[in-house]
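# Close look at the chain arrangement
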Amino acid sequence: MDDVRDFYPDDLVFGNEASAVTGVPLTVIRKWASRGLINRFVGDPRQYSGQGHEFKTMYALPEVERRAATYKPNAAKRPKTTARAA
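Calculation notes
Residue numbers run consecutively from 1 along every chain, following the written order of its sequence. It should be noted that, the model being predicted, local features are given only for residues of pLDDT at least 70 and side-chain atom pairs only at 80 or more, the latter also being counted only at that level, while totals for whole chains, interfaces and linings use all residues. Each side-chain value is worked out from all heavy atoms of the structure, with water and hydrogens disregarded. Numbering of helices and strands runs from the N terminus; a helix is a DSSP stretch of H or I covering at least four residues, while a strand is a stretch of E covering at least two. The rule is simple: take the accessible area with a 1.4 Å probe, protein chains only, and divide by the maximum for that residue type; under 20% is buried, over 50% is exposed, in between is partly exposed. It only takes one pair of heavy atoms within 4.5 Å for two residues to be counted as in contact. Areas reported as accessible are Shrake-Rupley estimates using a 1.4 Å probe. Residue values count occlusion only from the protein chains shown. Only buried Ala, Val, Leu, Ile, Met, Phe, Trp, Tyr and Cys residues count toward a nonpolar core, and they belong to the same one when joined by side-chain atoms within 4.5 Å. Directions are taken from the helix axis to each C-beta atom, and the arc is the one they span.

In this section: the overall build of the chain. Scanning the chain from terminus to terminus reveals four helices and three strands. Looking at the 86 residues of the chain, the share that counts as buried comes to 28%. Long-range contacts, defined here as pairs at least 24 residues apart, represent 64% of the contacts in the chain between residues at least 6 apart. As displayed, the chain has an accessible area near 6,600 Å², and 51% of this comes from carbon and sulfur atoms.

Here it is in structure tokens:
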């Protein structure tokens, strides 16, 4: 885990943005944070004031990108799709 003093405010992004940039599913990013592999930060309430359906947790994008470089999707955990011939 990186030292939080190494990050700038511009480095912080919401989970959906980190997922879009890195291609790692949001659930995986959240799991990394819960395991202490990456830092999580409280977002700015002025950015998510509303009905409560917004993202509130922020992550440091450089930290997520470093972790995402070694990410390999697990084929066993992918949802199965049914392909039927017409």
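Attention now moves to the nonpolar core. Residues V13, A18, V24, V28, I29, W32, A33, I38, Y59, L61, V64 and A68 constitute the largest nonpolar core, which totals twelve residues. Of all the secondary structure elements, the ones that give two or more residues to this core are α2 (26–34) and α4 (61–68). Take this core: its biggest share by element is four residues, from α2. Contacts of A68, omitting those with residues within four sequence positions, involve T22, V24 and W32. Counting residues in each nonpolar core, the second largest holds five residues, with F7, F41, M58 and A60 among its members.

When we look at burial in α4, the residues that qualify are L61, E63, V64 and A68. When α4 is viewed along its axis, its buried side chains cluster within an angular range of 160° and face the same direction. Buried positions along α4 lie against β1 (12–14), α1 (15–22), α2 and β3 (57–60).

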